[in-house]
Every structure is written in C-alpha cells, then in structure tokens.
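A closer look at the structure
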2 protein chains.
Amino acid sequence: MISALLSIGDELVLGQKRDEHGPWLADRLAAHGAPPIEQRVIGDDRGGIAAAVTDLARRADLLVITGGLGPTADDLTRQALAEALGEDLVIDDEAMRHLHELFQRHDRPMPVGNEVQAMRPQNMRCLENPLGTAPGLTGRLGRCVIFALPGPPNEMHRMYHRVVEPAVIETTGAEAVIRTQVNAFGFGESDAAQKLGDLMDRTRDVLVGTTVSGSVLTARIRATGPPDRQQAAVNQVADEVERCWGPYVFGRDQVDLSQAVGTMLLEHSCRVATAESCTGGWLGKRLVDVAGSSAYYVGGWVCYTNALKVAQLGVSEELLNRCGAVSVPVAAAMAEGARARCDADLALSITGIAGPDGGGPDKPVGTVFIGLAGAQAPTQVRHFQFVGDRAAIRDRSVKSALQMLRFHLLDAQVRLLWQRGDAEAVPSS
Amino acid sequence: MISALLSIGDELVLGQKRDEHGPWLADRLAAHGAPPIEQRVIGDDRGGIAAAVTDLARRADLLVITGGLGPTADDLTRQALAEALGEDLVIDDEAMRHLHELFQRHDRPMPVGNEVQAMRPQNMRCLENPLGTAPGLTGRLGRCVIFALPGPPNEMHRMYHRVVEPAVIETTGAEAVIRTQVNAFGFGESDAAQKLGDLMDRTRDVLVGTTVSGSVLTARIRATGPPDRQQAAVNQVADEVERCWGPYVFGRDQVDLSQAVGTMLLEHSCRVATAESCTGGWLGKRLVDVAGSSAYYVGGWVCYTNALKVAQLGVSEELLNRCGAVSVPVAAAMAEGARARCDADLALSITGIAGPDGGGPDKPVGTVFIGLAGAQAPTQVRHFQFVGDRAAIRDRSVKSALQMLRFHLLDAQVRLLWQRGDAEAVPSS
C-alpha cells in the first residue's frame, strides 16, 4: 500500500511555520505498511489543491490531507476536493446538527461562516470531530482512498488514530515496516557504502540506506512484511552492518555518541577528565548532556590562553614556545596535566585552530591535536586536519575525542577520518 | 517569480528525519520575492525524482533541489536530472580536479564511488563546494532555472547564500519584503506581547509578530512595499520594540546572545573566566562559538565533582558541607576562585541541579545559582528555578549567565525570568 501526504497552508508553504503533520504521518504510515512516496506542502489555493489531489490520487492508494477545513475564507480543502472529484458540495445534515449543538453548548451564536464546515462533496463522508468544529472527510478518487483531516494537531492526531490507522491496518493486514538504524562515526560516506557492498543493493528484501548528519553516519535498515519474520531479518542485517563498520559503530537507533561513551565508561568503572582549548568546554558539555554522567565525568579545564595552560595544567612554557600551543607535545602535556590534577583514570585533551583566523602554512585552520592520557599506556596523540567552518571543526574535534576514548576502551587500533598519520605515543614528560 | 522546492531522501519521505531545508529555503525565497508554490519531499528513486523535476519545472520559474548528490548508490539526483533534461552525464574536468585535490589534501585515496560526484548532465554547470565533496548543479529546463544543492546543511546554506540568493535578487530586483528582527532574553512571551501593546495590531503597515525559540524572544517586524520607503518605517518600529523591551534586547537579526556579549566585552576591554558545574562547559563553549573570542575569554573550569571545586577553585570544604554545592555561597566562591586564578576581570559561575535526579524538597530539579565576581563590586549571585528537562535547564542557565554579564556591563538592575528574589550581594570570603 502506497500513501501520499498533502499539507495545506500559506504559512507552511512560505516557510513561516514548519509542517509537522507530514513527517508525523509519514513515520506512522510507514510503520503500518503504507510508506509515503511523497510529502507535499502547498498554499491556500483552490485550483492548486485540486490539481495536487488529482495528481497524488493517481499515484497512491491512500492520500491523507491535513488543513484547510476551517471556517475562514482561506480554508479551501472542501471546495478543492469537490472540484477534484467533479462533485457538488452538499449539506451534511448530521454534521450540521453537530455544529449547531456545539455552539449551543458554548452558548454562542453560530457565525454564518461556520456553516460551510457542514458541507461535503456529494460522495464523500464526514468524519466526526469531537474536539473542534471541523469534521474530517473521506471518500475515493479512482482507486485512491482519501482522508482530509483538520489542521489543529490534537484534532488531527485523534482522527488519525481513530479512523485512518485502523483503515490502513485493515488493508495492509499484518504487514508492517520493521526498521532500525546503526550509527557510526569516523569514516566517510563513500567508505561507508563501499564497506557495506551489496547490502545496499536496492533489490534486496531488507533495504539499507546511509545518511550523514553532523558527521555521524547512519545505516537505515528496513523491511516490509510480517513482523515476526521481518524483525529477525532486519536484526540480522543490522548485525552485518555492525560487522562491516567495525569499531566505528557506537550504537543503534537513537543512541548518540556521548551516551555510548558514557555506557562504556560505566562498564569499565573508568572516570574521565577533560582539558580543552579550541572546543572551549564543548567536550565537557557533551559528556554532561547524559543524565548520570557524574558517575564517570570528573570535570575539566578550558585553557583558552597559554597562561592558563601553564598555570592550571602545568604545561611548560618552554614547550609552548618551542612547539606552539597546537602541537603533539602540548596536547600530551595537557592531557597528562589534567589527569595528574584530579582522580580521573583517563584524560582527554583538545588543542587546535578552529578558524576562521589563526591558521598558517604549517598549521592551517582545521589543524587539531587530540590527546589521551591514562595510567598504563604512554599518552596517545592524534593529529587531525578537519574540513569545514569553525563550528564543524570544533564539533568534529569533540566527536573524534569521544570516539578515541571508545577505541581506547575497546583496544581498537584504527584511524579516524581526517586523521593525519598514525596515533603518536608520547613518553610521559 | 514563482519558486518550488524539492527535498530528496528516503529518510525524509518516510518521516525518520524532518526536512529542514524546505522551510528554510521557503522563508528566504519568499523574503526575496520568489515565494514557493510548493515544497515537495520524495524518496531516493530516480524515476520519481525525474518526474517531480519535470512537473515542478513546468509550474515554477525557479526550482531548488536539495539532497541526493552524495557518492552512494542511493544518491540519484544527478542521474534523475540527466533523465529529466534528456541529456547524458559527462565528466566535469574542473570538478574532478577539485575532488582529487580534496582527497590528496587529506592524504586519502579517493574511493571509486566518489567519481560520480564530478559528473553533470551535459548542459548543466557544476557549482563549487569548498565544504564538501558534492558540487552543486545548475541549469535550465524550459523556462525554469534549476539549482541542485548538497544535503549537508552547512554546504547547502553556503551555496544558497553564494549562488542562489544573488541569482534570485538579480531577477526579482529590489527585495519585496523588508524584514528585521529584535532578539531578547529573560522574560516571558505573554509579557513580551503586553509590553509591545498596539505595535502588534494586525492592521498596521509595519507588522510585528513575536516568537520564542530556545527561550529567546524574537519580534519579527516586516513591511511590504518600496524598499526605500519601508526600510525606514521598519527600522523605526524596531527601535520602538527595543524601547519597550529595554535591556533584555541583546541584538537584531541573526545576532545571538554570545555574539552580543562578546561585542560588549570587547568594547569594555573586559576579560572573562567561567566556573561551571551542571552546565559542564556549555557556557565556555558558547563564548568560544564566536570567532575572535580569545580577545575576551580566558578559559575556565568544569568542576563537576566537589573535590575539583575544592582543589581547583579553592571552595572551602566546610562551605560545601554546610550549604551544599548548589547554594549562594558556593556559587560566589566558585566565581571568586576562578577570578583569583587567572587574569580575568570578571568570572561567571553556575552550579545547579539539572536533573532528572538529584532534586529534593528544598532544592528541586531546576534550582540553579549563577554567580558573577568582579574587582570592584561584591560578588553577585542570582537564584533561579528553571522549568523544563535537563537540556532546557542547562541551556537556560547558560543564557541567564550570559544575560547577567550583559546586565552587569550595562549597569542594568533588572530581574530575569525564572529568577527567585533579587540578586544577592555576597561579601568576598
């Protein structure tokens, strides 16, 4: 069963307000075996709505329209449906009675404008709306079943759950779409696809697609069919994706990188500290985003000036003068200094040039060194050359630091995207 | 000039991810005299994309497509454009050179999959993308000008501002809608409207509306007409809004609170340090978001544990035991400790209970104390009772701290939203 979604309103199409209904309905319809081929947003224009209804009804088995059922002059969904169906608008006696009752109950005279809300195209049916004045409408255009729902979210949601979803489930039967996602960080999108090989083949039963958002790679895995059979198939493919992507995978579904790191730190009974320069506290902020992070995050330093690096973390002035604040030895000294000044087992440091100014021929904007100091191993420093603007460079620095921490706990010896050369082991100073 | 928007991606059409690009572009194009007739979201299907392009190009003067330009098998915008235009895909030498350079610069071999990103339909032109591997594309289908932009937001926004917007303005001539916005923080939305009085009257030439996003209040001011006349009217109303909202106003248009604070710190030649607990470095991160912040931000401490508050900031153990870490005296001691340990003129501290756990009858979740220490005045501490979840409580803490700093520099004696009682002046310990 193929669905299509049509949201109506000038404020939506002009970008003054975001269409929340399209994504909300899409997610639910996809889960019940009626994935949308299209979400369309158009303005309050009768001819335009009628044309869109005709077009979408030709291509989908189910069309869900939201908005444009109110009592004002710019509510035109009802009239447009009549036009698309080639039918007249007639008064629905039941709906008219309900409208009058509603106004009587609130002791208000019914404005003349509201009467139009009791009208429907001749062969459509009104859907009761106990939460508002606008009844919904349902009917057919060719083989396509049409539902028109009111725009206010509570009214729309109720009508969807009471009327649309049961109708969809009745048609699709037990069919449902089973979905999961695998999230990873630290390699590029084209590598991601290459590693997955024919798992991404568009003809397979279980479909895999990849997306990147905030440098996080996500494999979106889905299959349509009986849930009892497909759930296992989807899980198996998710496992295969995890094998292909290896230690870069940090979690499934809604898990984010700092949550994944937090869970691992808890499992290892490991406490961590931070020493940041160009990220300005963002790494600490990310760790503290997770509720309960006080169990594994001690705290940290934001040493934005060299003076603070010296005074607070014990980085030697000689080192700063000789190598510069953005260097392997300073990153190592920052991490070691942080670890020595608190009871953390591990300390992460970040020092770099986030731009837009401050870059040079040797150390262009995007040059970042990330250090990791622990009790046993020598301090590890990785050199990165990030691309992007100031915000992207800093965001990628924070995520790379978190992933370095994961790799350390996993004992995984792998490179990260944007990393230059191998990790350097710096003997403790 | 009529525009249309097409966003591409299975994750979008299936409702797994919201289409942010459609509304973003719609708002801008409408402001520049090219209002969209439609925002359409479809999946990664070559035939479907080609059909949508053909349909939309027939009805609009400008079509802006986002997404589907990546290197993987489900990125099909390029191929679909070739199909819609009835042209072959050819290699663009310039784009191929840029791609190779990009991978060389990052010392990585170029995956074979990426080569397709240097291809374009014969009569289209590649648009340079310095932030990523996917060049954009532009060309014509009949009378419609088409732009295809990459999906990652920073790449898309840059290309829109550099290429699409100038092209639109050249065609539509002067901007049709004059707009500005006034941004404020620290009071509620109903207060905001009350303070504006009849400025919000819907029958005025210059329209004023208010919105709240991330607790920041924005008055959106707009007028339609000849720019030379309307610009002055809009500016005058913006000035009136500023007068009504007073010191809570921190800037116009895209200026955010940390930028506004940064500008003021520069003007006052004032350097600031931070001492954070529940915000975990977020305040430092916000200050460092602004390029050039090293001129006024020294750095800070994230003292998530009491031990670090004692060892690093010199907060007395006795104080912590007697009053608790979340208290007026500890907030004061943290700010004073930070200021004493570096060469900052002012220091801000934040200590509080962000939840979901850790609250009690005396200090429920949302209790936050924010301190401000300087050379002259006694240390000031404000007590807040924030509402919202962990993220909202921390975000509001950071913004309240930044606004406290502004008020201090302005010498404004006003309360902030969620503040309990007046600011307390704590004699230096």
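Look up a bit, the structure's there.
Scoring rules and cut-offs
- Residues numbered from 1 in each chain as written.
- Chains lettered and ligands numbered in written order.
- Predicted model: local features only at pLDDT ≥ 70, side-chain atom pairs only at ≥ 80, totals over all residues.
- Heavy atoms only, no water.
- Helix = DSSP H or I, 4+ residues; strand = E, 2+ residues; numbered from the N terminus.
- Buried < 20%, exposed > 50% of the residue type's maximum accessible area, 1.4 Å probe, protein only.
- Lys, Arg positive; Asp, Glu negative; His and termini not counted.
- Salt bridge = Lys/Arg side-chain N within 4 Å of Asp/Glu carboxyl O.
- Polar contact = N/O pair within 3.5 Å; in protein donor to acceptor, adjacent residues only side chain to side chain.
- Contact = heavy atoms within 4.5 Å.
- Pairing = 2+ DSSP bridges.
- Axes fitted to C-alpha atoms, helices over the stretch in contact; angles between N-to-C directions.
- Phe/Tyr/Trp six-rings, centres within 6.5 Å; stacked < 30°, edge-to-face > 60°.
- Parallel < 35°, antiparallel > 145°, perpendicular 65-115°, else oblique.
- Left-handed = near helix turned anticlockwise from the far one by under 90°.

Looking at the element boundaries, B:Arg390 is found in helix α14 (residues 390-410). It turns out B:Arg390 is buried and unbridged, and the closest side chain with the opposite charge, A:Asp289, is 6.4 Å from it. Within polar-contact distance, the side chain of B:Arg390 engages the backbone oxygen of A:Val288 at 2.6 Å. Setting aside chain neighbours within four positions, we find B:Arg390 in contact with A:Val288, A:Asp289, A:Val290, A:Ala291, A:Ser293, B:Tyr304, B:Ala354, B:Gly355 and B:Pro356.

This next bit is on the sheet that holds strand β6 (residues 125-127) of chain A. In space, the 12 strands of this open sheet follow the order β6(A)-β7(A)-β8(A)-β3(A)-β1(A)-β2(A)-β2(B)-β1(B)-β3(B)-β8(B)-β7(B)-β6(B), with mixed pairing throughout. The open sheet is flanked by β6 of chain A together with β6 (125-127) of chain B, the only strands paired with a single partner. Adjacent strand axes in the sheet meet at a mean angle of 20° when their direction is disregarded. As defined by bridge partners, β6(B) adjoins strand β7 (residues 136-141) of chain B across 3 bridges and the pair is classed as antiparallel. Residue pairing across strands places B:Arg125 opposite B:Thr138, the latter belonging to β7(B). Sheet strands in contact with helix α3 (residues 46-59) of chain A are β1 (3-8), β2 (36-42), β3 (62-66), β7 (136-141) and β8 (144-149) of chain A together with β2 (36-42) of chain B, and its direction is about 180° off that of β2(A).

On to the packing of aromatic side chains. Scanning all chains against the criterion turns up 15 aromatic pairs over all chains. Centre to centre, the rings of A:Phe187 and A:Tyr248 are 4.9 Å apart; their planes meet at 65°, and the pair counts as edge-to-face. Of this pair, A:Phe187 sits in the loop between β9 (176-185) and α7 (189-196) while A:Tyr248 sits in the loop between α8 (227-245) and β12 (249-252); the two residues are 61 residues apart in sequence, bridging distant segments of the chain. As far as burial versus exposure is concerned, A:Phe187 and A:Tyr248 are alike and both buried. When the centroid spacing of 5.4 Å and the interplanar angle of 75° are considered together, the rings of B:Phe187 and B:Trp245 count as edge-to-face. Of this pair, B:Phe187 sits in the loop between β9 (177-185) and α7 (189-196) while B:Trp245 sits in helix α8 (residues 227-245), placing them 58 residues apart in sequence. By relative accessible area, B:Phe187 is classed as buried at 5%. With a relative accessible area of 1%, B:Trp245 lands in the buried category.

All names here are of chain B. Between helix α3 (residues 46-59) and helix α4 (residues 77-85), the shortest axis-to-axis distance is 8 Å and the interhelical angle comes to 55°. In terms of their interaxial angle, α3 and α4 are classed as oblique. α3 and α4 meet at a crossing whose hand is right-handed. Contact with α3, carried on its side by Arg46, Gly47, Ile49, Ala50, Val53 and Thr54, involves Thr77, Gln79, Ala80, Leu81, Glu83 and Ala84 of α4 and no other residues of that element.

Attention shifts here to the pattern of salt bridges. All names here are of chain B. The full count for this structure, using the stated rule, is 46 salt bridges over all chains. Here Arg58 makes a salt bridge to Asp55, at a shortest N to O gap of 2.6 Å. Note that Arg58 and Asp55 are positioned in helix α3 at a spacing of 3 residues, about one turn of the helix. Residue classification places Asp55 among the buried positions, given a relative accessible area of 14%.

Moving on, we get to the environment of B:Gln122. All names here are of chain B. Here Gln122 is to be found in the loop between β5 (119-121) and β6. When the C-alpha atoms of Gln122 and His100 are compared, they prove to be 21 Å apart, with 22 residues separating the residues in sequence. Ignoring any residue separated from it by four or fewer positions in sequence, one finds Gln122 in contact with Glu87, Asp88 and Val90.

Read these as spatial facts, not as claims about activity.
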